[in-house]
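Next come the chains, spelled out residue by residue.
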Amino acid sequence: MTFTFRPLDPLKDAELLHTWVTHPKAAFWMMQGAKLEDVERAYMEMAADEHHHALLGLKDGEPAFLMEKYDPVHRELAGLYTPQPGDVGMHFLTPPTGRPVRGFTRSVITAVMAHLFEDPATRRVVVEPDVHNTAVHALNEAVGFVAEREIDKPEKRALLSFCTRERFLAATAVSA
């Protein structure tokens, strides 16, 4: 599958995002009770933040998933681990669908990682999913992430995991 990326437009895309982030499938996104205005506000704040960016992944020009990248020195993980030069934090969300496509989410995380590593300054991707999100742990491992340890964030107990460019390339070369 081939995907392209575009910056998220917090106002134009809020209605679509609202349906994604409030769906029961997105429970780990922690926006279940959010109103449309809450989603607009959250992504407007992100759009104004130099350390946190949201992108829409497109398939055939249509929104297919959400990707966020952030600087873990300044957001999400600030003070919770020892950052290295070239670290980039990442979140991704695939929306609910009535017709699941086998391998879609694996294709999404692979595209997200490839997009992040297109920047030569990115040396390592850092993630911190909820410890109970076993589905995403398996996806992370499939693209080369190695879990380091559990950490306590204000909103959750998270599994701090890292993926270097080399581990990503090795993991995806076998499955490509």
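Residues numbered from 1 in each chain as written. Predicted model: local features only at pLDDT ≥ 70, side-chain atom pairs only at ≥ 80, totals over all residues. Heavy atoms only, no water.

**With respect to the overall build of the chain**
When its secondary structure is counted, the chain shows five helices and seven strands. In the chain, the succession of helices and strands from N to C terminus is β-α-α-β-β-β-α-β-α-β-β-α. Here the chain has a C-alpha radius of gyration of 15 Å; the compact-globule value for 176 residues is 16 Å, and the two agree. C-alpha atoms of the chain, sized along the principal axes, occupy 40 × 35 × 30 Å. The buried share of the chain, reckoned over its 176 residues, is 45%. Considering only contacts within the chain whose residues lie at least 6 apart along the sequence, 60% involve residues at least 24 apart. Accessible surface for the chain amounts to roughly 9,400 Å². Of this, 54% is attributable to carbon and sulfur atoms. One way to put it: in the chain the 19 positive side-chain charges average out to a point 5 Å from where the 25 negative ones average out. (Helix = DSSP H or I, 4+ residues; strand = E, 2+ residues; numbered from the N terminus. Rg over C-alpha atoms; globule rule 2.2 N^0.38 Å. Buried < 20%, exposed > 50% of the residue type's maximum accessible area, 1.4 Å probe, protein only. Contact = heavy atoms within 4.5 Å. Areas by Shrake-Rupley, 256 points an atom, 1.4 Å probe, with all protein chains shown as cover. Lys, Arg positive; Asp, Glu negative; His and termini not counted. Charge placed at Lys NZ, Arg CZ, Asp CG, Glu CD.)

**Observations regarding the sheet that holds strand 6 (residues 146-152)**
Pairing within the open sheet is mixed, and its seven strands lie in the order 1-2-3-4-5-7-6. The open sheet has two free edges, formed respectively by strand 1 (4-7) and strand 6, since each of these has just one partner strand. Taken pair by pair, the neighbouring strands of this sheet meet at an average axis angle of 30°, ignoring direction. Inspection of the sheet shows strand 4 (residues 87-93) paired to strand 5 (residues 124-127) by three bridges, in the parallel sense. Its bridge partner being in strand 5, Val 88 is matched across the sheet by Val 125. Contacting strand 2 (52-59), strand 3 (62-70) and strand 4, helix 1 (residues 14-21) crosses the sheet at an angle of about 80° to strand 3. (Pairing = 2+ DSSP bridges. Axes fitted to C-alpha atoms, helices over the stretch in contact; angles between N-to-C directions.)

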